[in-house]
Amino acid sequence: MATTAPVHPVDEVPPVRSLAAFGLQHVLAMYAGAVAVPLIVGGAMKLSPADLAYLITADLLVCGVATLIQCVGFWRFGVRLPIMQGCTFAAVSPMVLIGTTGGGLPAIYGSVIVAGLAIMLLAPVFGRLLRFFPPLVTGTVILIIGVSLLPVAGNWAAGGVGAQDFGEPRNLALAGFVLAVVVGVQRFAPPFLSRIAVLIGIAVGLAAAVPFGFTDFGGVGDADWLGISTPFHFGAPSFRASAIVSMLVVALVTMTETTGDLIAVGEMTDRRVEPRALADGLRADGLSTVLGGVFNTFPYTAFAQNVGLVGMTRVRSRWVVAAAGGILVLLGLLPKLGAVVAAVPAPVLGGAGLVMFGTVAASGLRTLAEVDFKGNHNLTVVAVSVAVGMLPVGVPTVYEKFPDWFQTVMNSGISAGCLTAIVLNLLFNHLPGRPGEREGGPAAPEAPTVTA
């Protein structure tokens, strides 16, 4: 009798009820970050409220399409892992500069389209670099991703950057309550409920926030029922050399960050990312970025916020994240639904974010546990890489006197730490060592003989 080959957890299709719940959980985890980039760029350019709303709905629509490309995949596009896509924060500063001094939104979209095409062309090259990402490097990068995201959760927990009541005890109390609910559900609830602990925590937190005046549903009534993003809504793209060069630097940074995210999810799902799969994932990034330039939004990359959710819930199916992509498409086409999700208060997201982003950091430590730290320089690689990666997180203005291209690369703690880990691993573990050193570092001293 013929036996059916077991299906890998990444390819399993959960029941519809589970798909909807798990998918909504992913959307709520990334929604605030997804709409932050259009809000920041549009606000810096002093766009009207109607144009800002248009940017947000366009962003949500393309977020959903990009996530579907990455998870479901077609031909050589898509890594086919549970990866959410969103606008990269690495592009914010260059886009604000281009938009305010170098040609407005048409110049931004022209440079975004060129950057997307460049990512698709460079994807096979990055795929061949996978051998330079051993567990020493990947564990360090995953650790940096998690720790660098924790201030984001902290800002949410305090009320959100710029909030008038930022840091008020009631904000932190609500975030702490949500965190306690998430941990309690994970510990005491049945297996299915424990896998949607973040969704339950956000729902309970939202219910608790309403009577205390944390939420404002006024935007729901003002939002349109239907909104469709049309190509080149703000005019035909213009192609300016300076804008294109700065966005190409951003493209290299996002490719480095995406590589770390894809490897992290591969580790969490027990499906290691091979060079071809990495190239397919980066190629999907490039295609999504081109679509972003056409449909009035920005460059796209793997969203690190959701990496922690995969590790925390242990739900590894890519179809769950594909369902989340479908929900994002609906939110992009139905602005009123998007306004409902936007009403979730920042402290509620902060409480959930603390455990999710902490899970990413813990996953990095788990990967580093496989590394041999005896008799070599691997501890130095981790120490220096984490220090360089955390520098712009702890001191955001540390590089403000440097050229724009340098700030674009180094102001992202993820890309700075990743590049440092790669270089130091090559320096200590691939270049010929000093005489008397064994491969991977100096020989360990012999332990003294102990007699009874």
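Anything mentioned here points back to the structure above.
What you see is a predicted model; the values in this text were computed from it and never measured.

Student: So what exactly am I meant to see when it comes to the overall build of the chain here?
Tutor: Within the chain one finds 18 helices and 4 strands. Expressed as a percentage of its 452 residues, the buried residues of the chain come to 55%.

Student: Got a minute to help me understand unusual backbone geometry in this structure?
Tutor: For residues besides glycine, phi is generally negative; the peptide bonds are generally trans as well. One non-glycine residue with positive phi stands out, namely phenylalanine 232, at about 55°. Within the element layout of this structure, phenylalanine 232 appears in the loop between α9 (218-222) and α10 (241-269). Within the chain, asparagine 296 stands out as a residue other than glycine whose phi angle is a positive 65°. Mapped onto the secondary structure, asparagine 296 falls in the loop between α11 (275-294) and β2 (300-302).

Student: For this particular structure, what's the right way to read the packing of aromatic side chains?
Tutor: Aromatic ring pairs are reported here in terms of the distance separating the ring centres and the angle at which the planes meet. Counted under the stated rule, the structure contains 7 aromatic pairs. When the centroid spacing of 6.1 Å and the interplanar angle of 45° are considered together, the rings of tryptophan 75 and phenylalanine 77 count as tilted. Judged by relative accessible area, phenylalanine 77 falls into the buried class, the value being 11%. Here the aromatic rings of tyrosine 399 and phenylalanine 402 are separated by 5.7 Å at their centres, their planes lie at 85°, and the arrangement is edge-to-face. By relative accessible area, tyrosine 399 is classed as buried at 9%. Since its relative accessible area comes to 38%, phenylalanine 402 is described here as partly exposed. Connected via pairs of aromatic rings, a cluster forms that spans Phe74, Trp75 and Phe77.

Student: What exactly am I supposed to notice about a nonpolar patch on the surface here?
Tutor: Residues Leu122, Val125 and Leu252 make up a contiguous nonpolar surface patch of about 220 Å² in total accessible area. Mapped onto the elements of the fold, valine 125 is located in helix α4 (residues 104-127).

Student: Even after reading the chapter, I still don't get the packing of α4 against α10, so can you show me in this structure?
Tutor: In a pair of packed helices, the angle between the axes and the distance between the axes together describe the arrangement. The contact between α4 and α10 brings their axes to 8 Å, and the two run at 45°. One finds that α4 runs oblique with respect to α10. In this structure, α4 crosses over α10, and the sense of that crossing is right-handed. Between α4, through Ala107, Ser111, Val112, Val114, Ala115, Ala118, Ile119, Leu122, Ala123 and Phe126, and α10, the contact on the second element is made entirely by Ala243, Ile244, Met247, Leu248, Ala251, Leu252, Thr254, Met255, Thr256 and Thr259. The class makeup of the residues in the contact of α4 with α10 is 16 nonpolar, 4 polar and no charged.

Student: Teacher, can you tell me more about the pattern of salt bridges here?
Tutor: Opposite charge on two side chains permits pairing when their charged atoms draw close. Going through the model one piece at a time under the given rule, you end up with 6 salt bridges. For aspartate 11, the salt bridge is made with arginine 271, and the minimal N-O distance between the two is 2.6 Å. Of this pair, aspartate 11 sits in the segment before α1 (16-44) while arginine 271 sits in the loop between α10 and α11, and the two are 260 residues apart along the sequence. As a salt-bridge pair, aspartate 270 and arginine 316 come within 2.9 Å of each other at their nearest N and O atoms. Placement of aspartate 270 in the loop between α10 and α11 and of arginine 316 in the loop between α12 (304-313) and α13 (318-333) is noted, with a sequence separation of 46 residues between them. The exposed category is assigned to aspartate 270, whose relative accessible area is 58%. Here the salt bridges share partners, and the residues they tie into one network are Asp11, Arg271 and Arg318.

Student: Any chance you could explain the nonpolar core here in plain terms?
Tutor: Grouped burial of nonpolar side chains is what soluble globular proteins tend to show. Within the largest apolar cluster, 110 residues are counted, with the highest numbers of intra-cluster contacts made by Met95, Ile108, Val198, Ile202, Met247, Phe298 and Leu328. Those residues in contact with methionine 95, other than ones at most four positions away along the chain, are Val37, Val41, Ile108, Met247, Phe298 and Pro299. The next biggest cluster of nonpolar side chains, apart from the first, holds 8 residues, and it includes Leu143, Ala361, Leu368 and Val382.

Student: When you look at α13 in this model, what are you seeing that I'm missing?
Tutor: Quick reminder: α-helices carry 3.6 residues per turn. Residues three or four places apart thus point the same way. Spanning 16 residues, α13 covers 23 Å between terminal C-alpha atoms, matching the ideal 22 Å at 1.5 Å per step. Where α13 begins, the capping side chain belongs to serine 317, and its oxygen is found 3.1 Å from the backbone nitrogen of tryptophan 319.

Student: Would you explain the side chain of asparagine 378 in this entry?
Tutor: Secondary-structure assignment places asparagine 378 in helix α16 (residues 378-394). A polar atom in the side chain of asparagine 378 sits 3.0 Å from the side chain of asparagine 429. Each residue touching asparagine 378, except ones within four places of it in the same chain, is listed here: Leu136, Val371, Asp372, Phe373 and Asn429.

Cut-offs applied
Residues numbered from 1 in each chain as written. Predicted model: local features only at pLDDT ≥ 70, side-chain atom pairs only at ≥ 80, totals over all residues. Heavy atoms only, no water. Helix = DSSP H or I, 4+ residues; strand = E, 2+ residues; numbered from the N terminus. Buried < 20%, exposed > 50% of the residue type's maximum accessible area, 1.4 Å probe, protein only. Phe/Tyr/Trp six-rings, centres within 6.5 Å; stacked < 30°, edge-to-face > 60°. Patch = residues over 30% accessible without salt bridge, like charges linked within 9 Å, V, L, I, M, F, W, Y side chains within 5 Å. Areas by Shrake-Rupley, 256 points an atom, 1.4 Å probe, with all protein chains shown as cover. Salt bridge = Lys/Arg side-chain N within 4 Å of Asp/Glu carboxyl O. Axes fitted to C-alpha atoms, helices over the stretch in contact; angles between N-to-C directions. Parallel < 35°, antiparallel > 145°, perpendicular 65-115°, else oblique. Left-handed = near helix turned anticlockwise from the far one by under 90°. Contact = heavy atoms within 4.5 Å. Nonpolar A, V, L, I, M, F, W, Y, C, P; charged D, E, K, R; others polar. Core = buried A, V, L, I, M, F, W, Y, C linked by side-chain atoms within 4.5 Å. Expected span 1.5 Å × (residues − 1). Polar contact = N/O pair within 3.5 Å; in protein donor to acceptor, adjacent residues only side chain to side chain.

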